[in-house]
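Each chain, letter by letter, is given below.
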Amino acid sequence: MTAPEGILCSKSHEYVLEDGSLYTIGLTDYAVEQLGDIVFVELPEVGATFGKGEVFSTVESVKAASEVYAPIGGTVVEINEKLVEAPETLNNEPYGEGWLIKVESDTASLDSGDLLEYNDYKEELV
Amino acid sequence: MCKQTLLHDKQVELGAKMVPFAGWEMPVSYSNIIEEHHCVRNDVGLFDVSHMGEVFISGKDALAFLQKLVPQSIDKLTPLKAVYCQLTNDNGGIIDDLIIYKLEDNKYFLIVNASRIDEDINWMIRNQIGYDVVIDNQSHNYSLLAVQGPKASALMEKMGVKKDDQPPFFNIKSANINGVDIWLSRTGYTGEDGFEILIPNKYAQNIWDYVIEKGQEFGLKPIGLGARDTLRLEAALHLYGNDLDTTTSPIEAGLAWSVSKNKLEDYNGKDVILSQLANGVSRKLVGFKMLSKIPARHDYEVYYNDEIVGKVTSGVPSPTLGENIGLAYVKTSSNINIGSIIQVMIRNKLYDAKVVARPFVAKKNKV
């Protein structure tokens, strides 16, 4: 699994990737590996706003329901509808087709202060 | 600090993800829970369940002592037969659920839940006064492997135990596998045909390796606790701590079938259990299927006609059915029956579920 250039990761295993004026948020490969088979993804509605650290999604694996925390604050402008029908996409391509939401954020640069670059994140896991 | 079974290192080598369970570090899955689940339903899987407890009860009052402990008629057991039982308290609540095997006259063998070994032994000692019995907790000396699935019997034959020498369902036999004397029981926790192999600790790794080697041609995989949970729930087999505890009686738990209604001997909780059999219970266990794609989980609230009527005790996505299944205790007075549409509260929203007959997936273990 190769992570895209420029992603920033939280210690709770979410990532954020700047994408033009928007930010794409998802779960890291480590997170989906730990969760195992994902069977349902509950996403917020477009227009919902949340602050850094708030729960914005729940991912259900065979084992358990896991909350997903916002790595940066923002307003949801797009959700990945594909995950409703094909939640396993999140297991297969966490950085590609398996993204969760795209947000607008005025606070991204401030909020991302404690996020880690991918290589540092991987080192933290060891 | 969690205990480890003697197979811990072998499991890690096989790629197991280890998690704490009942004070033990156990494999939750090796590859993928859904694949492991289908492997047991279609072929055969190997489980390490060495965390479970083994207790021998012997002495001239062994039968009378066991009769006092469980609502089942232990006197009906003939040597090498087994019966599913509950250790009940004075209120008819379940201290543990267990299997009692009769080995010979005055000698019985119990397999109990890992999380309940200490409670069970304490309870037995408290009940021991006046009975000439020895309660011998051998949990630390035995390992237990489960070989489960439609190809389990063929695999056992390949391992040198001929079909005619294999015990029938809910029977136990001594056998020899790869030069090791073991006890072979035709029991399990999956709803499939299968065996549990009771092994003196020092041979645990020997037998584990041998099962894996001989199992290759049958498609055998090692199976973790994740698939053990989905398999047992599809078969609607209770999990102690979720579906059963000291406040639930066998009758509430839907285990009246296992209780000996005409047992003459007194046993702990008998008056409560007989009264519940005669007059009914205030809550009962039901099975349900979610009508949405969201799994119900342990402790979620259950609603019916806008009223809270109970709680989910177990819930998983069923790999066999592709639906979300679960068990819940509901108030009997709410008149919930098979076919009723109930609601489960999930993250502050109510989702419909349909009450269905148990088991969710037909059992294929009666051989």
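Residues numbered from 1 in each chain as written. Chains lettered and ligands numbered in written order. Predicted model: local features only at pLDDT ≥ 70, side-chain atom pairs only at ≥ 80, totals over all residues. Heavy atoms only, no water.

Draft legend 1. Summary view of the interface of chain A and chain B. Residue-level contacts link 16 residues of chain A with 15 residues of chain B. Buried surface at the junction of chain A and chain B, summed over both partners, amounts to about 1,300 Å²; 51% is from carbon and sulfur atoms. The largest per-residue losses of area from chain A upon contact with chain B belong to A:D37, A:V62 and A:K63, which jointly make up 39% of the total buried on that side. Across the chain A-chain B interface, the total number found is 4 salt bridges. The residue A:E42 makes a salt bridge to B:R347 at a minimum N-O spacing of 2.9 Å. (Contact = heavy atoms within 4.5 Å. Buried area = accessible area lost by both parts, 1.4 Å probe. Salt bridge = Lys/Arg side-chain N within 4 Å of Asp/Glu carboxyl O.)

Draft legend 2. Layout of the sheet that holds strand β6 (residues 55-61) of chain A. Residues and elements named next belong to chain A. With respect to topology, 3 strands assemble into an open sheet ordered β4-β6-β7, the strand pairing being antiparallel. Every other strand in the sheet has two partners, leaving β4 (38-42) and β7 (65-69) as the edge strands with one partner each. The mean angle between the axes of side-by-side strands here comes to 25°, regardless of whether they run parallel or antiparallel. As paired strands, β4 and β6 are joined by 4 bridges and run antiparallel to one another. What sits directly across from F40, in β6, is E60. (Pairing = 2+ DSSP bridges. Helix = DSSP H or I, 4+ residues; strand = E, 2+ residues; numbered from the N terminus. Axes fitted to C-alpha atoms, helices over the stretch in contact; angles between N-to-C directions.)

Draft legend 3. Inspection of the layout of surface pockets at higher detail. Residue and element names in this part refer to chain B. Volume-wise, the second largest pocket comes out at about 330 Å³. In terms of lining residues, the second largest pocket is bounded by 21 residues, among which K3, W24, H51, S139 and H140 are the most central. Mapped onto the lining of the second largest pocket, the elements with two or more residues apiece are β1 (3-4), α4 (117-126) and β10 (142-148). Broken down by element, the lining of the second largest pocket gets its largest block of residues, 3 residues, from α4. Partitioned by chemical class, the residues of the lining of the second largest pocket number 6 nonpolar, 11 polar and 4 charged. (1 Å grid on protein atoms, 1.4 Å probe; cavity = no way out; pocket = protein on both sides within 12 Å on 5 of 7 lines; lining within 4 Å. Points joined across faces, edges and corners; volume = space filled by probe spheres on them. Nonpolar A, V, L, I, M, F, W, Y, C, P; charged D, E, K, R; others polar.)

Draft legend 4. Expanded view of the packing of aromatic side chains. Residues and elements named next belong to chain A. Throughout the structure, instances matching the rule amount to 10 aromatic pairs over all chains. For the pair Y15 and Y95, a centre-to-centre distance of 5.0 Å together with 50° between the ring planes defines the contact as tilted. In this pair, Y15 sits in strand β2 (residues 14-19) while Y95 sits in the loop between α3 (89-92) and β9 (101-104), placing the two residues 80 residues apart along the sequence. Between F50 and F56, the aromatic rings sit 5.3 Å apart at their centres with planes inclined by 20°, giving stacked as the arrangement. (Phe/Tyr/Trp six-rings, centres within 6.5 Å; stacked < 30°, edge-to-face > 60°.)

Draft legend 5. Broad picture of the pairing of strand β12 (residues 180-185) of chain B. Residue and element names in this part refer to chain B. Pairing of strand β11 (residues 172-177) with β12 involves 6 bridges; the strand directions are antiparallel. Within β12, the position partnered with N176 by the bridge is D181. Turn length for the β11-β12 hairpin, with the two strands adjacent in sequence and antiparallel, is 2 residues, and the turn residue N178 shows positive phi of about 50°. Pairing geometry for β12 and strand β13 (residues 194-200), over 3 bridges, is antiparallel.

Draft legend 6. Representation of the pairing of strand β3 (residues 24-29) of chain B. All names here are of chain B. Burial analysis of β3 places 5 of its 6 residues in the buried class, the great majority of the element. The pairing of β1 with β3 spans 2 bridges and is parallel. Within β3, the position partnered with K3 by the bridge is W24. The sheet contact formed by strand β2 (residues 17-21) and β3 spans 5 bridges and is antiparallel. Note that in β3 the partner of K17 across the bridge is S29. (Buried < 20%, exposed > 50% of the residue type's maximum accessible area, 1.4 Å probe, protein only.)

Any functional reading would require information beyond the geometric quantities listed.
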